[in-house]
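# Overview (structure and organization)
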Amino acid sequence: MWNLLPNLYLSSTYDIDFEEMYRRGYRGVLFDIDNTLVGHNAPQDERSLALLAGLHDLGYKTAVVSNNKYERVSSFADPAGMFYVYKAGKPLGRGYRQAIEDMGLKSEEVFSVGDQIFTDVWGANRAGLFNILVRPLGKDIGFHIFLKRIIEKPIMLVVILRNRRMMRKFEQMSER
Ligand SMILES: [Mg+2]
């Protein structure tokens, strides 16, 4: 159960305070693609490219960790200058560990962002990473995701009930 709970739950990837995370020592961000950076099956877009360029300017390395195929993942990551792991096998931890190794960082310097509990949150927790769950950017495509969303519901209730306390804990950490 605890492996299914994110450290933070936010309304969007685009609401994350990446500068604050940088101040806290994070140097790498691992992203899911679909419904995290762009809509499901959507191509790389201006908003996502601008975010990623801004992160690189701040000093971050970024990587995609995706269960999708080579073509989808490389065509998304390459124009943005991201590292990537395709067919990552989420919710296993190995794709995350591979991306961290490729970036040349330590796991405590890296956090993960994704929109699904049973792939993104579970996988990141298995790899021992700080992770942020975001609300999906758009509609899901595919029956298996539809099913996963139904199973997610009770867990989302716990996530939402717990999130205020997690946000407070996160804010207190910065005051040290
Ligand atoms: Mg996704």
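To keep things clear, this report deals only with the structure shown in the data block. None of these values were measured; they are calculated from a predicted model.

### Considering the side chain of Lys148
One can find Lys148 in helix 6 (residues 143-174). Here Lys148 is buried and forms no salt bridge, its nearest opposite-charge partner Glu152 lying at an N-O distance of 7.1 Å. Residues within four places of Lys148 in sequence aside, it is in contact with Gln116, Phe118 and Thr119.

### Quick word on the coordination of the magnesium ion
Ideal geometry at a metal gives 109.5 degrees between four tetrahedral donors and either 90 or 180 degrees between six octahedral ones. The protein atoms that coordinate the magnesium ion are Asp32 (OD), Asp34 (O) and Asp115 (OD), at distances spanning 2.1 to 2.3 Å. You can call Asp32 buried: its relative accessible area is 10%.

### Topic: the packing of aromatic side chains
Throughout the structure, instances matching the rule amount to 11 aromatic pairs. An aromatic cluster is defined as three or more aromatic residues linked by ring pairs; in this entry it consists of Phe18, Tyr22, Tyr26, Phe31, Tyr60, Phe111, Phe130 and Phe170.

### Some points on a positive patch on the surface
A cluster of like positive charges, contributed by Arg164, Arg165, Arg168 and Lys169, occupies part of the molecular surface. Along the polypeptide, Lys169 turns up in helix 6.

Conventions used here
Residues numbered from 1 in each chain as written. Predicted model: local features only at pLDDT ≥ 70, side-chain atom pairs only at ≥ 80, totals over all residues. Heavy atoms only, no water. Helix = DSSP H or I, 4+ residues; strand = E, 2+ residues; numbered from the N terminus. Buried < 20%, exposed > 50% of the residue type's maximum accessible area, 1.4 Å probe, protein only. Lys, Arg positive; Asp, Glu negative; His and termini not counted. Salt bridge = Lys/Arg side-chain N within 4 Å of Asp/Glu carboxyl O. Contact = heavy atoms within 4.5 Å. Donors = N, O, S within 2.8 Å, 3.2 Å for Na, K, Ca; no water. Phe/Tyr/Trp six-rings, centres within 6.5 Å; stacked < 30°, edge-to-face > 60°. Patch = residues over 30% accessible without salt bridge, like charges linked within 9 Å, V, L, I, M, F, W, Y side chains within 5 Å. Areas by Shrake-Rupley, 256 points an atom, 1.4 Å probe, with all protein chains shown as cover. Charge placed at Lys NZ, Arg CZ, Asp CG, Glu CD.

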